[in-house]
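Each chain, written out:
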Amino acid sequence: MMEASSSTVLVSEIFGPTIQGEGVLIGLPTVFVRTGGCDYRCSWCDSLHAVESRFRHDWKPMSTEDIWSEVTRLSGGKPLTVSLSGGNPAIQPLGALIDRGHGEGYRFALETQGSLARPWFARLDTLVLSPKPPSSGMVCDLAVLGECVAAAGEGPQTVLKFVVFDADDFAFARNVAARFPALPVYLQPGNHTPPPADGEGNVDIDGLTERMRWLVDAVAGERWFSARVLPQLHVMLWGNRRGV
């Protein structure tokens, strides 16, 4: 795990405006700040260029002001939602950036697996907790996930988002969601053709569509009527391209 100093953030890429492709904010115009570094190594990771340490020389240590200058340049100075992603953005010191943007009317969403709780979660507008299911090869610590929920408190809209590849992942999602009944739940079919670390690769759209149908049937069959099933819209539109 690689962490920036308290005054800088390790940034893999900043891009947009584009749309948020998944979860609670799907379709919303967004600028993305993708940080570098992660404490997980998911088997199906779709952003290895922001995870694996062999790419650390491509990650740029940036000050809050440098990041903010790029965000405002991309957005033309017009407030919108800024998505903080990774890797695991919770590794990085992002509180000052959130405060900076709020001062100019921007909103901030962050997605993390819920493996690290940070006090500045409470200053977000949207917190997406995406615990990794069995297919990832990682183990979810429910106690730490609970600490993330507690750290956010009543500040942001906090939701759960699960990537689902198979029946074991679906059962995991149901069990975790039952531990946090107050949190809205979003489900998405897993991309079984993620991009390679050093490229983009092709996406099996037909396979994703088939898994989406299976997931819809699973939700309906279990009468899990509080869950929402959504695709990865950016994958449907652009495949594994970066910067969209």
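Above this text is the structure in question.
Remember, predicted model here, so these are calculated numbers, not experimental data.

Colleague: I tried to follow the packing of aromatic side chains on my own but got confused; where do I start?
Modeller: In this description, an aromatic ring pair is defined by two values, namely the gap between the centres and the angle between the planes. Counted under the stated rule, the structure contains 8 aromatic pairs. Relative to Phe108, the ring of Trp68 has its centre 6.2 Å away and its plane inclined at 35 degrees; by these criteria the two rings are tilted. With Trp68 in helix H1 (residues 64-75) and Phe108 in strand E5 (residues 107-112), the pair connects residues that are 40 residues apart, well separated along the chain. Phe108 carries the same exposure label as Trp68, and that label is buried. With 5.2 Å between their ring centres and 85 degrees between their planes, Trp120 and Phe121 make a pair best called edge-to-face. Classification of Trp120 as buried rests on a relative accessible area of 8%. One aromatic cluster is present, built from ring pairs that chain together Trp68, Tyr106 and Phe108.

Colleague: Please explain the nonpolar core as it appears in this structure.
Modeller: For soluble globular proteins, nonpolar side chains are generally found buried alongside one another. In terms of nonpolar packing, the biggest core is built from 48 residues, with Leu84, Phe162 and Leu187 touching the most fellow members. Residues in contact with Leu84, not counting those within four places in the same chain, are Val33, Pro89, Leu94, Leu97, Ile98, Phe108, Ala109, Leu110, Glu111 and Leu124. If you look at the next biggest cluster of nonpolar residues, it comprises 12 residues, including Cys38, Cys42, Phe165 and Ala197.

Colleague: Whenever I open this one, unusual backbone geometry confuses me. Can you help?
Modeller: Most peptide bonds adopt trans geometry, and most residues besides glycine take a negative phi value. Omega for the bond connecting Gly16 with Pro17 falls within 30 degrees of zero, at -5 degrees, which places this linkage in the cis form. Position of Pro17 relative to the elements: it lies in strand E1 (residues 9-19). Cis rather than trans, the peptide bond between Gly86 and Gly87 has omega equal to 10 degrees. Structurally, the position occupied by Gly87 is in the loop between strand E4 (81-85) and helix H2 (95-102). Positive phi, normally seen in glycine, also occurs at Arg223, with a value near 55 degrees.

Criteria and thresholds
- Residue numbering note: each chain is counted from 1, following its sequence as written.
- The model is predicted, so local features are restricted to residues of pLDDT at least 70 and side-chain atom pairs to those at 80 or more, both for listing and for counting; the totals for chains, interfaces and linings are taken over all residues.
- Calculated side-chain values reflect all of the structure's heavy atoms, with hydrogen atoms and water omitted.
- Aromatic rings from Phe, Tyr and Trp, taking only the six-membered ring of Trp, are treated as a pair when their centres fall within 6.5 Å; an angle between ring planes under 30 degrees marks them as stacked, one over 60 as edge-to-face, and anything in between as tilted.
- To qualify as a helix, a DSSP run of H or I must reach at least 4 residues; to qualify as a strand, a run of E must reach at least 2; elements of each kind are numbered from the N terminus.
- Each residue's exposure class comes from its accessible area (1.4 Å probe, protein chains only) as a fraction of the maximum for that residue type: buried when under 20%, exposed when over 50%, partly exposed otherwise.
- What is meant by a nonpolar core is a set of buried Ala, Val, Leu, Ile, Met, Phe, Trp, Tyr and Cys residues, joined one to another through side-chain atoms within 4.5 Å.
- Only heavy atoms matter for contacts: two residues are in contact if any of them lie within 4.5 Å across the pair.

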